[in-house]
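# Coordinate analysis (summary)
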Amino acid sequence: MGVMSASDLLVSCEDAARTYGRGSGAVVAVHGANCAVKRGDRIAVVGPSGSGKSTLLHLMAGLDRPTAGRVSHPGLTGGTLSQLIGIVFQGPSLLPPLTAAENVALPLRIDGVPEEEAAARALAALDSLALHGLADRLPDELSAGQAQRVAVARVLARRPRLVLADEPTGQLDSETGRQVMTVLLAAADEVGAGVVVTTHDLQIAQELDTRWHMADGRLVSSDVEGDGAQ
Ligand SMILES: Nc1ncnc2c1ncn2[C@@H]1O[C@H](COP(=O)(O)OP(=O)(O)OP(=O)(O)O)[C@@H](O)[C@H]1O
């Protein structure tokens with residue numbers, strides 16, 4: 001990609017920490033984390049349950065604020081963080097009364113995209129997630145894997161510059177989970193987004209370029225020399 005410019009730096013965490021509660025009951029979910037996500041990065045955050053993966057992701061998403069240190073998004077300009085960051089959650093997140101296509105189009109319409117264009121972009125996003133033919137199905141009529149692909153299509157249709165996914169395959173069998181991850185990565189490539197995925201599944205983690213390891217709230221290592229995590 002050549003020399004990195006500030007606009008390529010999607011998220012920067014500098015000694016970012018998050019403590020829940022106070023006094024003797026305080027839990028340090030994330031200890032001063034130093035990490036960065038750049039355009040084109042594909043990062044898996046791995047570690048045991050309770051090690052702070054979701055908390056770190058929420059800090060990077062701007063869904064939560066650090067109790068110490070700093071999280072900034074130098075390269076995310078030209079819109080609000082919620083427009084520029086796409087978040088995929090673990091569980092079912094589609095609105096039951098809307099079809100797959102309507103679910104994908106809804107955030108675009110909320111963003112002010114005209115009806116017809118929103119519908120066209122929704123269909124294109126469904127296509128790129130290999131969901132052609134399922135556009136008119138209700139969430140109830142989809143398998144868990146298909147529903148999660150629709151949820152990914154809904155995120156990617158907004159053309160986010162950063163995709164943050166918290167255990168996106170956590171409720172899927174491993175084969176379906178791998179398929180969802182493969183189409184997620186391909187679709188993220190199409191829109192040129194950086195991708196960070198928390199996962200317990202080491203096979204899924206292997207599909208990404210870099211792995212950040214967390215233990216007891218600390219970002220302990222990264223398996224790629226010279227990248228963002230320290
Ligand atoms: N809202 C909260 N209030 C108090 N403690 C919390 C809260 N959310 C998380 N924690 C604690 O912070 C620590 C890190 O939690 P986090 O959910 O980030 O871990 P995780 O690695 O994502 O776990 P899992 O893999 O089980 O999802 C845990 O000890 C957890 O109990």
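Residues numbered from 1 in each chain as written. Predicted model: local features only at pLDDT ≥ 70, side-chain atom pairs only at ≥ 80, totals over all residues.

Looking at an unreviewed UniProt entry, the protein chain carries the name ABC transporter ATP-binding protein, with the source organism given as Planotetraspora silvatica.

### Some points on the site of the ligand
Our working definition: Whether a residue is near a molecule or strand depends on its C-beta atom, placed from the backbone, lying within 6 Å of it. Three classes are used: nonpolar for Ala, Val, Leu, Ile, Met, Phe, Trp, Tyr, Cys and Pro, charged for Asp, Glu, Lys and Arg, and polar for all others, with Gly counted as polar.
Near the ligand the following residues occur: Y20, V27, A29, G47, S49, G50, S51, G52, K53, S54 and T55. Tallied by class, residues from the shell around the ligand come to three nonpolar, seven polar and one charged.

### Describing the pairing of strand β9 (residues 218-222)
Note the cut-off: When DSSP finds at least two bridges between two strands, those strands are taken to pair. Helix numbering and strand numbering both begin at the N terminus, where a helix is a DSSP run of H or I of at least 4 residues and a strand a DSSP run of E of at least 2.
Two elements, strand β8 (residues 210-215) and β9, share four bridges in a ladder whose sense is antiparallel. The partner of M214 across the bridge, within β9, is L219. Linking β8 to β9, which pair antiparallel, is a turn of two residues; within it D216 sits at a positive phi near 50°.

### Quick word on the packing of helix α3 (residues 100-110) against helix α5 (residues 144-156)
Quick reminder of the rule: The axes used here are C-alpha line fits, helices contributing only the stretch in contact, and every angle between their N-to-C directions lies in the interval 0 to 180 degrees. Oblique is the label for any angle not covered by the other classes, which are roughly parallel (under 35 degrees), roughly antiparallel (over 145) and roughly perpendicular (65 to 115). Left-handed is the label given to a crossing in which the near helix is rotated counterclockwise from the far helix by less than a right angle, and right-handed is the label when the rotation is clockwise. Here, residue contact means that the backbone-derived C-beta atoms of the two residues sit within 7 Å.
Between α3 and α5, the shortest axis-to-axis distance is 8 Å and the interhelical angle comes to 30°. As far as their axial angle goes, α5 and α3 are roughly parallel. Along this stretch, α3 crosses α5, giving a crossing that reads as right-handed. Every residue of α5 that contacts α3 at A100, N103, V104 and P107 is listed here: V150, A153 and R154. Of the residues that constitute the contact of α3 with α5, the class distribution is five nonpolar, one polar and one charged.

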